[in-house]
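Secondary and tertiary structure notes
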Amino acid sequence: MISVVIATKNFRFLYKLNEMLSDIKEIKTNHILPNQAIPSNVDIIITTEIEKKNLDFEKIFVPKAFNRYYLFSNIFLLAKNKNYFNEIVVGIDPGKTTGLAVLAEKEIILGYGEFYTAVDAVKEVITVFFNIETSELIIKVGAGGGQIKDEIVRRLNEIFHDKVPIEVVNEDFTSRKKINRFGKNFSKNVQSSILIALR
């Protein structure tokens, strides 16, 4: 669990952050005003550029965007004293409802979702590409899914032009036990996308 304090008088900033971070179980948030005492056992303080100068703390994060991938990955990296991830894998389970999951270092799910068109699934991959610092991004697409799979792979190849490895992987799942360690109940499509990412 990463303990985050949002130190700000800007309640719009606070609301937007809480909206983005509230459903991330790995992050616990608290709020103080910049002139208040910093609680003990805090890992990271999030604040605005203006209010930063009023705070004396080692790990201060001033977000430049309100995007779940950007916020979660930066908070996680700062907490672990890292500048980037070694590997991010995007798993895609194509179908009428396409599941998608984003795994960092095979151990943390930075995001997941369900999409109803190939275009929306591909847009999500682009969002990941631009918002997470990583030395390697790999996209794994399940071999099932027929035309939707073909369209997703084609669109991804057109966008990334071999800059990002795109692998089509076998979808024969033997067990669901592998993903119990992530401690959440995922939909069938998201669960499949996690297993594809772990392949």
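Residues numbered from 1 in each chain as written. Predicted model: local features only at pLDDT ≥ 70, side-chain atom pairs only at ≥ 80, totals over all residues. Heavy atoms only, no water.

Regarding the pattern of salt bridges
Applying the stated criterion across every chain, the model contains eight salt bridges. The partner of E87 in a salt bridge is K106, with the nearest N and O atoms 3.1 Å apart. Within this pair, whereas E87 is found in the loop between α2 (68–79) and β5 (88–93), its partner K106 is found in the loop between β6 (98–104) and β7 (108–115), the two being separated by 19 residues in sequence. Residue class for K106 comes out partly exposed when judged on its relative accessible area of 37%. Where E151 meets R155, a salt bridge forms, and the shortest distance between an N and an O atom there is 2.8 Å. Of this pair, E151 and R155 both sit in helix α4 (residues 146–160), four residues apart, roughly one helical turn. (Salt bridge = Lys/Arg side-chain N within 4 Å of Asp/Glu carboxyl O. Helix = DSSP H or I, 4+ residues; strand = E, 2+ residues; numbered from the N terminus. Buried < 20%, exposed > 50% of the residue type's maximum accessible area, 1.4 Å probe, protein only.)

Some points on the packing of aromatic side chains
If you walk through the whole model with that rule in mind, you get six aromatic pairs. Summarising the aromatic geometry, the rings of F76 and F85 are spaced 5.7 Å apart at their centres and angled 25° between planes, so their arrangement reads as stacked. By relative accessible area, which is 0% here, F85 ends up buried. By way of ring pairs, the aromatic residues F129, F130 and F160 are connected into one cluster. (Phe/Tyr/Trp six-rings, centres within 6.5 Å; stacked < 30°, edge-to-face > 60°.)

Regarding the packing of helix α1 (residues 11–21) against α2
Packing of α1 against α2 leaves a shortest axis separation of 10 Å and a crossing angle of 85°. Of the possible angle classes, the one that applies to α1 and α2 is roughly perpendicular. When α1 is examined against α2, the residues L17, M20 and L21 are found in contact with a partner set consisting of R68, L71 and I75. Here the residues of the contact of α1 with α2 sort into five nonpolar, no polar and one charged. (Axes fitted to C-alpha atoms, helices over the stretch in contact; angles between N-to-C directions. Parallel < 35°, antiparallel > 145°, perpendicular 65-115°, else oblique. Contact = heavy atoms within 4.5 Å. Nonpolar A, V, L, I, M, F, W, Y, C, P; charged D, E, K, R; others polar.)

Description of the pairing of strand β9 (residues 166–169)
Side-chain direction in a regular strand flips from residue to residue, so the side chains alternate between the two faces of the sheet. Here strand β8 (residues 137–142) runs beside β9; their pairing, made up of four bridges, is parallel. The residue bridging K140 from the neighbouring strand is E167, located in β9. For the handedness criterion, the β-α-β arrangement of β8, α4 and β9 is classed as right-handed. (Pairing = 2+ DSSP bridges. Right-handed = clockwise from strand over helix to strand, strands pointing away.)

Quick look at the packing of helix α3 (residues 118–131) against α4
Packed helix pairs are characterised by how far apart their axes lie and by the angle those axes make with each other. Direction vectors running N to C along α3 and α4 enclose 35°, while the axes themselves pass 9 Å from each other. Remark: the crossing between α3 and α4 carries right-handed chirality. Touching A118, V119, A121, V122, V125, I126 and F129 of α3 are I148, E151, I152, R155, L156, I159 and F160, all from α4. (Left-handed = near helix turned anticlockwise from the far one by under 90°.)

Notes on the sheet that holds strand β2 (residues 27–32)
Read across the open sheet, the four strands follow the order β2-β1-β3-β4; overall the sheet is parallel. The outermost strands of the open sheet, each flanked by one partner alone, are β2 and β4 (60–61). The sheet contact formed by strand β3 (residues 44–46) and β4 spans two bridges and is parallel. Within the sheet, the bridge partner assigned to I45 lies in β4 and is I60. Taken strand by strand, α1 contacts β1 (2–7), β2 and β3, and its axis lies near 165° from that of β2.

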